[in-house]
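Here is what each chain is made of, one letter per residue.
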Amino acid sequence: MTHIVAYLCVLGSFLNGFDQCTVPESEFQLEGDYLIGGLFDIHQVNSSFYHHRPEAIDCSSSSETECITLMRFSVEEINNSTKLLPNVSLGYEIFDHCTDSVNFPGPLNLIAVNGLIQPLEEPHKNLSKVIAVVGTYTSPQARAVAPLFMMNLIPMVSYGAASSIFSRRQIYPSFMRTVHASKDVIEVIFSILTEFNWKWVAFLYVDDSYGIDGLQLFLKKIKDTDICLAYNKALDHYSDYKAIFKQINAQNVNVIIVFAPEWTVEELMKSVKQINVTNKVWIAGDAWSLNKKIRDQIQGIKSIGTVLGVAEPNMTIPGFREFIYSFKAQTHCENAKQQKFCNQICHCSSLTAEEIIDADPSFSFPVYSAVYSIAHALHNILQCGAYGCKANIKVYPHMVILCLLSLNLTLFKNCVQVPTSVCSTECDVGYKKTQYGIHKCCFNCTICPNGTYNNITEDPYSCINCNNTQWSEEGSTSCSLRVVEYTPFTDIWAIGIMVGAFILVFISLALSVLFALNYNTPVVKSAGGPMCFLILGCLSLSSLSVFFYFGEPTVAFCILRYLPFLLFFTVCLACFVVRSFQIVCIFKIAAQIPKLHSWWMKYHGQWLFITVAFVTQAIFLLINYIYAPPSSKMDIYWNPQKIILGCDIDFKAALISLVLPLLFCFLCFVFSYMGKDLPKNYNEAKAITFCLLLLILTWIIFATGSILYQGKYMQPLQSLAVLSSLYSFLLWYFFPKCYIIIFQPQKNTHHYFQNLIQSYTKTISQ
């Protein structure tokens, strides 16, 4: 372990030196909230080499320009998306990984923090900003660098490494790939051999872990079958192709399987042309089957025979061609020395857009899907929604692994779709079918309106109505239960109004005590004397109605909402009619009609009138409640999603109980007008008139509100109107009297009132 630590420290120092070479704002870097690393074969090594110490190598000959451009395109497409990772930016840091054994600056840069590598013994307090890596291309490259990423569980999503060894999770826990494993490719090759009954074959493979793995898988597959491996050979830079094909021809082998990357196959095809190998069947692995350069080579060889290939699906990526043309239009070829990237001279910009587009498409979609898989995993980790992603989530590489393992992603469907033949396309959910013509296959689609739904399994041709306790939006497939609403006793409005009712009772009680203590004073007598206590008592009893506007409405609650108020408030109005009449009678009618005045005084006409009013109103209410009693109701029309509980009243039947209150209001206005010029301290008519105006205004406001609004707060609004009606008389009729009793006692004397009467008498006599 000590040697490993020392080795990593040396490589870290080496990396730190090269980190200073990175050109800012290059095609290899893009800042972002989260970084994705990229390891691509942008160049290839021309020859073998050996170094005694770590040093950068000279990479040349461009190879994977399309793949790096595709990664840049994928990241920019994601950053411009409003659905995937909204308000989160992805960046990338791409390195040229042109060999499998000595080119380590790129991988070390990706796992470094501030240019330093943390050995395994040290606690990983700070991890790299890189959350995942796309690459590498070949299996040997992946085997060389994968352990560096595995130790921090950084996801490594390869777009080309197909060796079966990477399926071993205990060795490569954070390795994934977006290509088929070699095992799948061998399965297809075996199917081709079986289909055409080819039993005598040769197997040429690259001399590395990828090729050896392919050979072992093939041998395992053909074991216990009729297929025989006549010849196999590992290929490298020193292969003697002339001797190889001499052996193949000597054994009369006509089917050759080539399991190697494109650069090995290029050398092979050059030798095939030189040696003039003809009339063979070539089965290509997915590493080179779609390579344009090799395809051009094959077309230049006469009588090469038949070439069959196993390939990844050649997907057309929307927008990629336009991206390349747009990018190349903005790129100008600069001095090669200004484009150095860690001692590697990049000749990418010298490539035309057509050359990039016509490059090997074999692994274009795997690169694209690798980037999108990482982005979708990050999208799930950050719990992104339509309005953005959560910013308080710390993302660790192992979290990305878990999301990638459970990810089921479909980017876009293949374009060789099954043809369709239908008269009418199927309706969307929530639509009913309306058949036209004689065939049931021909129909129009009509969306189901609010309050209905369509269940295609029950009846696709009709919209089914929801019942009264359910609701549905337009185009629904089922109904939802409505929310039942009423104003509970715990509602803030209910509490406030009930507190107001308690205050009214308390004030009424306090006024009764004050008037009792000053019972023989002129102010109390002018206010009605004993009638004041009746009025205050009726106001308190009327306030009982307020408490029954809250809670779940029942028949009893609905009756008690109206009974106390209509009965006792009618008595209050009767008292004010009597007061208005008595004031006018004393000052005007007594002199003109003395018999009426004497009869009124003899038989206590005021109390007789109030008693008759009380009994009559009680009879009216009894008749109303017998023939059309109030009941609880469910309002299902005001809001389609809610049921508003309230009380149902027969307004025609209820008019009989409103006759007396309306009549008494009218009489109060008449008597008040007749007594408009009476003495100030005896002019109760003006105070009564003002109270009546407030009463009328209150119920006009309530009537307007009930037309515009029918929700659950309709009940508190009505109880507030009742309470306001009671307060209008309590405040504007009794409070002025209290003010004189408490603060102006000099006006509460018999002498003061006699002077007012004498002044009024002199005025009318003149």
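Looking up the protein in an unreviewed UniProt entry gives the name G-protein coupled receptors family 3 profile domain-containing protein, with the organism given as Oreochromis niloticus. According to UniProt, the comment filed for the protein under the heading Subcellular location (unreviewed entry) is "Cell membrane".

Turning our eyes to something else, we now look at the overall build of the protein. For the protein, the count of helices and strands is 24 helices and 24 strands. Counting across all 766 residues of the protein, residues that qualify as buried make up 49%. Nonlocal contacts in the protein, meaning residues at least 24 apart in sequence, comprise 71% of its contacts between residues at least 6 apart. Carbon and sulfur atoms provide 59% of the accessible area of the protein, an area that totals close to 39300 Å².

A few words now on the sheet that holds strand β22 (residues 483-485). Taken together, the three strands give an open sheet; going across it, the order is β22-β24-β23, and neighbouring strands pair in mixed fashion. Either end of the sheet is taken by a strand with one partner, and the two such strands are β22 and β23 (631-635). The average angle at which neighbouring strand axes cross in this sheet is 30°, direction not considered.

Residues F515, I535, L692, F729, L730, Y733 and F734 are the most contacted members of the largest nonpolar core, which totals 66 residues. Listed by contribution, the elements that provide at least two residues to this core are α14 (492-517), α15 (522-527), α16 (530-542), α17 (555-592), α19 (605-627), α21 (659-674), α22 (684-708) and α23 (714-743). Leaving out residues up to four positions away in the same chain, I535 has contacts with C572, C575, F576 and F734. Counting residues in hydrophobic clusters, the runner-up holds 53 residues, among them Y34, F73, A370 and A375.

This part is about the environment of W288. Position of W288 among the secondary structure elements: in the loop between β12 (280-284) and α9 (292-299). Residue W288 is classed as buried on the basis of its relative accessible area of 2%. Once the C-alpha coordinates of W288 and E262 are considered, the two residues, 26 residues apart in sequence, prove to be 4.9 Å apart. With near-sequence residues (within four places) excluded, W288 lies in contact with V258, A260, E262, V265, M269, I283, I294, I298 and V307.

Right, let's get into the sheet that holds strand β10 (residues 228-235). Here five strands make up an open sheet; going across it, the order is β10-β9-β11-β12-β13 and the pairing parallel. Edge positions in the sheet fall to β10 and β13 (305-309), since each of these pairs with one other strand and no more. The mean angle between the axes of side-by-side strands here comes to 20°, regardless of whether they run parallel or antiparallel. Bridge count between strand β9 (residues 200-206) and β10: seven bridges; the pairing is parallel. When the bridges of β10 are listed, F203 appears paired with N232. Sitting on the sheet, helix α6 (residues 209-222) is in contact with β9, β10 and β11 (255-259), with an inclination near 155° to β9.

Considering all chains together, one arrives at 33 aromatic pairs under this definition. Ring geometry for F166 against F175: centres 4.3 Å apart, planes inclined by 20°, an arrangement best described as stacked. Each member of the pair, F166 together with F175, is buried. Look at F565 and F569: their rings are 4.9 Å apart centre to centre, the planes differ by 15°, and that puts the pair in the stacked class. Of this pair, F565 and F569 are both found in helix α17, four residues apart, which corresponds to roughly one turn of the helix. On the basis of relative accessibility, which here comes to 10%, the residue F565 falls in the buried class. Classification of F569 by relative accessible area gives buried; the value is 6%. Against the face of F190 rests K221, its NZ or CZ located 5.2 Å from the ring centre. Looking at K394, its charged tip hangs above the ring of Y396, at a distance of 5.9 Å from the centre.

This brings us to the packing of helix α2 (residues 65-79) against helix α12 (residues 364-381). One can describe the packing of α2 onto α12 by two numbers: an axis separation of 9 Å at closest approach and a directional angle of 35°. The crossing of α2 and α12 is right-handed. Contact with α2, carried on its side by E66, C67, L70, M71, F73, S74, V75, E77 and I78, involves S364, F365, V367, Y368, V371, Y372 and A375 of α12 and no other residues of that element. Taken together, the residues of the contact of α2 with α12 sort by class into 12 nonpolar, two polar and two charged.

Further remarks concern the pairing of β9. Within β9, six of the seven residues are buried, which leaves it mostly tucked inside the rest of the structure. Crossover connection from β9 via α6 to parallel β10: handedness right-handed.

Our focus in this paragraph is the side chain of S542. Relative to the helices and strands, S542 is located in helix α16. What makes S542 buried here is its relative accessible area of 0%. Setting aside anything within four residues of it in sequence, one finds S542 in contact with P564, F565, F568, F569 and L726.

On to unusual backbone geometry. Cis geometry is found at the peptide bond from G135 to T136, where omega equals -5°. Relative to the elements of secondary structure, T136 occurs in the loop between β6 (130-134) and α4 (139-150). Here N197, not a glycine, exhibits a phi torsion of approximately 60°, which is positive. Here N197 is to be found in the loop between α5 (182-195) and β9. Judged by its relative accessible area of 52%, N197 falls in the exposed class.

A word on the state of the cysteines. Taken as a whole and assessed by the stated rule, the structure comprises six disulfides. Paired by a disulfide, C423 and C442 hold their sulfur atoms 2.1 Å apart. Looking down the S-S bond of the C423 and C442 bridge, the torsion is 115°, so its handedness is right-handed. Of the two residues, C423 is situated in the loop between α13 (397-405) and β16 (431-435) and C442 in the loop between β16 and β17 (443-447); the sequence distance between them amounts to 19 residues.

This paragraph deals with α2. Between its terminal C-alpha atoms α2 stretches 21 Å, which fits the 21 Å expected from 15 residues at 1.5 Å a residue. Here α2 lies mainly inside the structure; 12 of its 15 residues are buried. Those residues of α2 not exposed but buried are T65, E66, C67, I68, T69, L70, M71, R72, F73, S74, V75 and I78.

What counts and how
Residues numbered from 1 in each chain as written. Predicted model: local features only at pLDDT ≥ 70, side-chain atom pairs only at ≥ 80, totals over all residues. Heavy atoms only, no water. UniProt positions renumbered as here; feature names shortened; annotations may be inferred. Helix = DSSP H or I, 4+ residues; strand = E, 2+ residues; numbered from the N terminus. Buried < 20%, exposed > 50% of the residue type's maximum accessible area, 1.4 Å probe, protein only. Contact = heavy atoms within 4.5 Å. Areas by Shrake-Rupley, 256 points an atom, 1.4 Å probe, with all protein chains shown as cover. Pairing = 2+ DSSP bridges. Axes fitted to C-alpha atoms, helices over the stretch in contact; angles between N-to-C directions. Core = buried A, V, L, I, M, F, W, Y, C linked by side-chain atoms within 4.5 Å. Phe/Tyr/Trp six-rings, centres within 6.5 Å; stacked < 30°, edge-to-face > 60°. Lys NZ or Arg CZ within 6 Å of the ring centre and 35° of its normal. Left-handed = near helix turned anticlockwise from the far one by under 90°. Nonpolar A, V, L, I, M, F, W, Y, C, P; charged D, E, K, R; others polar. Right-handed = clockwise from strand over helix to strand, strands pointing away. Disulfide = S-S within 2.5 Å. Expected span 1.5 Å × (residues − 1).

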